[in-house]
Amino acid sequence: MKYAPVDNTSSPSPTRPPSRLRAIYDLFADRFHSLKSCPRELYVNFVLKFLESYSYFAISQLLVIYLHEEFGFTDIQAGTMYGLWGISITFWGLCFSGINDWLGVRKSLLVGLSISTFATLTLACISSRWSMYFALFGFYPIGTAMGIPMMTVAIRRYTNEVNRGFAYGLYYAVMNMAAFVSGPMIDFFYIFVGSGTGTTDGCGVGYLVGFIVGILVGLRVGAAVGYLVGFGVGGG
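Residues numbered from 1 in each chain as written. Predicted model: local features only at pLDDT ≥ 70, side-chain atom pairs only at ≥ 80, totals over all residues. Heavy atoms only, no water.

*Asks:* Before we go on, may I ask you to explain the overall build of the protein in this structure?
*Replies:* The secondary structure content of the protein amounts to 7 helices and 0 strands. The order of helices and strands in the protein, counted from the N terminus, is α-α-α-α-α-α-α. A total of 236 residues make up the protein; the buried ones form 38% of that total. When contacts within the protein are restricted to residue pairs at least 6 apart in sequence, long-range pairs at least 24 apart make up 80% of them. (Helix = DSSP H or I, 4+ residues; strand = E, 2+ residues; numbered from the N terminus. Buried < 20%, exposed > 50% of the residue type's maximum accessible area, 1.4 Å probe, protein only. Contact = heavy atoms within 4.5 Å.)

And the structure:
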């Protein structure tokens, strides 16, 4: 009896598809790799966005306490002023949109950050209600209106059609990261600085708020310096 020859060659094993985590990692790695062709101004813009967002979210969390303890506003009055502060940012944003286009990205950011620095420093040092009104509803929202929109424009300017969508996603991820950091930072200063004042009256809170706002001023100055270094070679 004859038997058919046995084929001892092993059949190739089927290729395993990459795991889901591996696929996600490869996707992000490819997207980050696409940003290598972008100029350094894009990365400076990400840093500016983090600092600006940190400043905004930290002040937004402190503002009602600041108005209540430093200027004697009731909770309802302080809450109303908080809402008006947000409305003023939108109002000045509409008013300065044409000026932003005329000045360009570089000049608008420089002017906006400078105004915001002055406004934040004013809020940290003043005791007059009228000065607070001008800083809170005038200078600060004007600086914000000139800064934030032009950061968004800068993303479009320094990216291309391939990586622009990912760059915008990273831009807003940086904003959310700053919002996440601002809360724990306030708690840190409250626990390790505020409790060390030994008082619970307006002076103690004033010291705490002034200290934190001083930190924010430093961040804004650092952002302005970073912008001068990063965008100094760019056009307006």
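On we go from here.
*Asks:* Before we go on, may I ask you to explain the packing of helix 2 (residues 40-71) against helix 4 (residues 97-125) in this structure?
*Replies:* Where helix 2 meets helix 4, the closest approach of the two axes is 13 Å, and the angle between their N-to-C directions is 30°. Viewed along their axes, helix 2 and helix 4 adopt a mutual orientation that is roughly parallel. Like other packed secondary-structure pairs, helix 2 and helix 4 cross with a definite hand, here left-handed. Residues L48, E52, I59 and Y66 of helix 2 form the contact with helix 4, whose own contacting residues are L109, L113, T120 and L123. Taken together, the residues of the contact of helix 2 with helix 4 sort by class into 6 nonpolar, 1 polar and 1 charged. (Axes fitted to C-alpha atoms, helices over the stretch in contact; angles between N-to-C directions. Parallel < 35°, antiparallel > 145°, perpendicular 65-115°, else oblique. Left-handed = near helix turned anticlockwise from the far one by under 90°. Nonpolar A, V, L, I, M, F, W, Y, C, P; charged D, E, K, R; others polar.)

*Asks:* Would you mind showing me how to read the packing of aromatic side chains here?
*Replies:* One pass over the structure, following the stated rule, counts 11 aromatic pairs. Measuring from ring centre to ring centre gives 5.8 Å for Y82 and W85, while their planes differ by 55°; the resulting arrangement is tilted. Placement of both Y82 and W85 in helix 3 (residues 75-95) is noted, with a separation of 3 residues, approximately one turn of the helix. On the basis of relative accessibility, which here comes to 1%, the residue W85 falls in the buried class. Ring geometry for Y133 and F137: centres 6.4 Å apart, planes at 25°, overall stacked. Linking Y133 with F137, this pair stays in helix 5 (residues 129-157), spanning 4 residues, or about one helical turn. (Phe/Tyr/Trp six-rings, centres within 6.5 Å; stacked < 30°, edge-to-face > 60°.)

*Asks:* For this particular structure, what's the right way to read the packing of helix 3 against helix 5?
*Replies:* Geometry of a packed helix pair, given as the angle between the helix axes and the separation of the axes. Relative to each other, helix 3 and helix 5 sit at 40°, their axes nearing to 8 Å. What the angle tells us is that helix 3 and helix 5 run oblique. Crossing hand, helix 3 versus helix 5: right-handed. Only M132, Y133, L136, F137, G138, Y140, P141, I142, T144 and A145 of helix 5 make contact with helix 3, whose side of the interface consists of M81, L84, W85, S88, I89, W92 and G93. Here the contact of helix 3 with helix 5 is built from residues that sort into 13 nonpolar, 4 polar and no charged.

*Asks:* It is not clear to me how the nonpolar core should be interpreted in this structure. Could you clarify?
*Replies:* Looking at soluble globular proteins, one finds that nonpolar side chains tend to be buried together. Among the nonpolar cores identified, the biggest contains 16 residues, and Y66, L67, F73, W85, M132 and L136 are the most heavily contacted of them. Mapped onto this core, the elements with two or more residues apiece are helix 2, helix 3, helix 4 and helix 5. Considering each element in turn, this core owes the most residues, 5 residues, to helix 2. Other than its neighbours up to four places away in sequence, L67 contacts G72, F73, A78, M81, M132 and L136. Among the nonpolar cores identified, the runner-up in size contains 15 residues, and C38, F46, L113 and A154 belong to it. (Core = buried A, V, L, I, M, F, W, Y, C linked by side-chain atoms within 4.5 Å.)

*Asks:* I would appreciate a short explanation of a nonpolar patch on the surface in the present structure.
*Replies:* On the surface, F118, W130, F134 and F139 cluster together into a nonpolar patch covering about 500 Å² of accessible area. If one sorts the elements of the nonpolar patch by residue count, helix 5 sits on top with 3 residues. Here F134 is to be found in helix 5. (Patch = residues over 30% accessible without salt bridge, like charges linked within 9 Å, V, L, I, M, F, W, Y side chains within 5 Å. Areas by Shrake-Rupley, 256 points an atom, 1.4 Å probe, with all protein chains shown as cover. Salt bridge = Lys/Arg side-chain N within 4 Å of Asp/Glu carboxyl O.)

*Asks:* Mind showing me how you'd approach the environment of A145 here?
*Replies:* Within the fold, A145 resides in helix 5. Its relative accessible area of 4% is what places A145 among the buried residues. Taking the C-alpha atoms as reference, A145 lies 4.5 Å from G93; in sequence the two are 52 residues apart. When residues no more than four places from it in sequence are discounted, the contact partners of A145 are I89, W92, G93 and N100.

*Asks:* When you look at the environment of M151 in this model, what are you seeing that I'm missing?
*Replies:* Along the chain, M151 turns up in helix 5. Separated by 43 residues in the primary sequence, M151 and S108 place their C-alpha atoms 9.6 Å from one another. Beyond its immediate stretch of four places on either side in the chain, M151 contacts N45, L48, K49, E52, L109 and Y171.

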